Structure formats: C-alpha cells, structure tokens
Amino acid sequence: MDSDPIHQDREFSSISVNPCSPNIGAEIGSIDLTQPLNDDTRDELKRAFIKYQVIFFREQQISFDDHVRLAEYFGVLGAHVGKSTISSTTEDPRVRKFHYDATTPRVSGDVFHTDQSCAKVPPLGSILYNHTLPPNGGGDTLFSSMYAAYDALSTRMKVYLDGLTANHDGVPTFGEGTPNADHPVIVKHPESGKKLIYVNEVFTMKINELSEQESKSILDFLFRHCTRPEWTCRFRWRPHSIAFWDNRCTQHMAISDYLPSIRSGYRVQLDGESSPLPA
Ligand code: SIN
C-alpha cells in the first residue's frame with residue numbers, strides 16, 4: 001500500500017489519496033501531521049475519511065499534541081467504555097498507550113469487531129499511531145467495509161434484516177460495569193447517508209425479534225459475511241504509521257502473529273455524536 005500514482009484518486013488535489021482496495025482504505029500522502037493543516041487540506045481529509053472509511057499515513061513522527069490536533073479536526077475526544085487491561089495511561093490524559101511485548105498476555109482486538117458497539121453512543125472512530133513494529137513484520141491490521149458487506153446482500157435478505165434490532169453487550173469482553181445497548185441491525189451512516197450492517201462477533205449477542213436458534217444462525221451468517229476478504233484491506237504497519245478508522249461503518253481486527261516481538265504506539269478515540277441510526 002505504498003503511494004501509487006497510477007491509482008491516485010484525482011478527486012483530491014491538496015493531498016494525495018491512494019486507494020488500497022476497491023471497497024475500503026486509502027493511504028494519504030502530501031501531508032505533514034506535525035503541523036496544523038490549512039482549511040483545504042482539512043476539508044479534503046474529511047472527505048477522504050468518509051469516502052474510504054479508514055485512512056492511513058506513513059512517516060509521521062507525531063507528538064501527543066499532533067495526535068490530538070488531528071483528532072480534533074474530526075470531533076470531540078472520548079474515553080474507552082471499559083476497564084482496559086491492555087492499554088495504559090500516558091502523561092497526557094487524552095492519549096492511551098498500546099504496547100505489546102513478551103510479557104503481554106494477548107493482543108487486544110484479535111477478532112473482527114466494531115469498537116465498543118455495546119455503548120449507547122459508540123465511538124466515531126480511533127486514531128492509532130505505531131512507532132515501533134516487530135522487526136520481521138507481523139502485527140498487521142485488517143479492516144472491513146460494512147457498506148460493501150451490506151451492498152452484497154440479496155434484496156430479500158436486505159428486506160428481512162431491515163427493522164430488526166440486536167443487543168450488544170460489553171460485559172463478556174470488558175467485565176462488569178460495561179454498558180449494554182440495542183442497535184438496529186441495518187443502520188444509516190450519519191454523514192454519508194449510506195446503509196450498512198451493524199453487528200459484530202465480539203459485542204452482538206442476539207437479534208431481539210428472533211428466537212435463540214434463529215438469531216444464532218442469522219448472526220453466524222452475518223459475522224462470516226461481514227469479514228469476507230472481498231471487502232477488507234490489510235494495513236502493513238511500518239514505524240511511524242497511522243491508521244484512522246471510521247468506527248461507524250467498519251470492523252477491524254489486529255493480527256496476533258508477532259509476540260514476543262514489540263509493537264508499540266498510542267491511540268486516541270473520538271466520541272460518537274449519536275446512537276447508530278435506523279436505516
Ligand atoms: C483494536 O483497536 O482493536 C486494535 C487495532 C490494532 O492494534 O491494530
């Protein structure tokens with residue numbers, strides 16, 4: 001996914017935008033995130049984020065202030081709904097450290113998921129900056145487009161799912177005290193207006209309007225369908241790379257193939273603005 005002028009998206013002129021796959025992901029170039037961005041660059045970046053659902057940056061050695069400034073172009077900084085045993089605080093309360101090494105019990109996020117969909121208002125997105133990566137590769141992240149997954153359903157299945165709701169529970173993952181929320185199975189993105197599938201294997205427990213057996217069968221199908229390779233892209237991290245995903249229309253999964261090597265970085269999360277909207 002290096003910069004590739006042949007596949008550059010010519011809709012953008014202040015920044016370079018190189019799609020990573022037909023359905024999701026673009027690498028952004030001609031940008032310096034250690035400096036404040038002008039209005040044109042900011043507008044194009046927002047457009048690229050909505051169009052590609054996850055955007056990537058290379059060779060950006062950002063400070064905590066740079067990291068937060070990028071996030072604040074897009075919304076209000078938020079906090080994780082659970083008590084994370086994986087991430088830790090830094091000297092800056094806005095930024096959390098994500099560090100994995102030989103002492104780490106497991107890699108967080110190693111099953112496809114939408115971040116904290118158990119919240120009534122799940123996060124808008126997250127920006128992960130990794131400065132240190134395993135020396136022999138590994139630790140890639142997969143992203144999947146829930147727009148493309150929805151579009152690929154048959155018309156009859158779309159009609160069937162429309163209007164159903166599902167329960168999302170944070171307790172099995174984050175323990176007691178984490179929230180639990182019902183969301184529509186098919187939602188509408190608040191900015192693009194496009195429809196997408198909103199269930200994920202980590203947090204979605206049951207489709208409320210179905211029996212246990214029916215719900216299990218439909219959810220099993222949707223979990224597999226949502227993560228098919230046709231609508232995913234794979235980000236190969238390098239030191240000082242950044243991934244910024246729209247949590248409202250994507251799922252992601254961190255590949256756990258590198259321990260005991262070190263993978264280390266920082267992450268900020270953006271608050272969502274509304275509960276997922278019925279389609
Ligand atoms: C996650 O947020 O689930 C982890 C993403 C990553 O570490 O690549």
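Our subject is the structure that appears above.
Residues numbered from 1 in each chain as written. Predicted model: local features only at pLDDT ≥ 70, side-chain atom pairs only at ≥ 80, totals over all residues. Heavy atoms only, no water.

## Observations regarding the overall build of the protein chain
So, point 1. Of regular secondary structure, the protein chain possesses six helices and 18 strands.
So, point 2. The C-alpha radius of gyration of the protein chain comes to 18 Å, within 12% of the 19 Å expected for a compact globule of 279 residues.
So, point 3. When the backbone C-alpha atoms are referred to their principal axes, the protein chain occupies close to 50 × 45 × 35 Å.
So, point 4. In the protein chain, buried positions account for 54% of the 279 residues. (Helix = DSSP H or I, 4+ residues; strand = E, 2+ residues; numbered from the N terminus. Rg over C-alpha atoms; globule rule 2.2 N^0.38 Å. Buried < 20%, exposed > 50% of the residue type's maximum accessible area, 1.4 Å probe, protein only.)

## Things to note about the nonpolar core
So, point 1. Counting residues in each nonpolar core, the largest one holds 32 residues, and the members touching the most others are I28, L45, I55 and F57.
So, point 2. Mapped onto this core, the elements with two or more residues apiece are β2 (26-29), α1 (39-52), β3 (54-57), α2 (64-72), β7 (125-132), β15 (241-246) and β17 (263-270).
So, point 3. Looking at which element gives the most residues to this core, the answer is α1, with five residues.
So, point 4. Leaving out residues up to four positions away in the same chain, I28 has contacts with I15, S16, V17, L45, A48, I55, F56 and F57.
So, point 5. Core analysis: the next-biggest nonpolar cluster, separate from the first, contains 26 residues, Y147, L161, I186 and V187 among them. (Core = buried A, V, L, I, M, F, W, Y, C linked by side-chain atoms within 4.5 Å. Contact = heavy atoms within 4.5 Å.)

## Topic: the site of the ligand
So, point 1. Taken together, the residues surrounding the ligand are S108, G109, H113, D115, L128, T141, W245, H252, A254, R263 and R267.
So, point 2. A distance of 2.6 Å separates an oxygen atom of the ligand from a polar side-chain atom of T141.
So, point 3. A per-class count over the shell around the ligand returns three nonpolar, five polar and three charged. (Near = heavy atom within 4 Å. Polar contact = N/O pair within 3.5 Å; in protein donor to acceptor, adjacent residues only side chain to side chain. Nonpolar A, V, L, I, M, F, W, Y, C, P; charged D, E, K, R; others polar.)

## Describing helix α6 (residues 212-226)
So, point 1. Here α6 is 15 residues long and its end C-alpha atoms lie 21 Å apart, about the 21 Å a rise of 1.5 Å per residue gives.
So, point 2. For α6, the set of buried residues is S215, I218, L219, L222, F223, H225 and C226. Mapping the buried residues of α6 onto a view down its axis gives an arc of 165°, with all of them on the same face. Opposite the packed face of α6, turned more than 90 degrees from it, sit the exposed residues Q213 and R224. (Expected span 1.5 Å × (residues − 1). Arc of directions from axis to C-beta.)

## Topic: the pairing of strand β1 (residues 16-19)
So, point 1. Direction of pairing for β1 relative to β2: antiparallel, over a ladder of four bridges. Across the sheet, the residue bridging to S16 is G29, located in β2.
So, point 2. In this structure, the hairpin formed by β1 and β2 is closed by a connection of six residues, where G25 is found at a positive phi of approximately 95°. (Pairing = 2+ DSSP bridges.)

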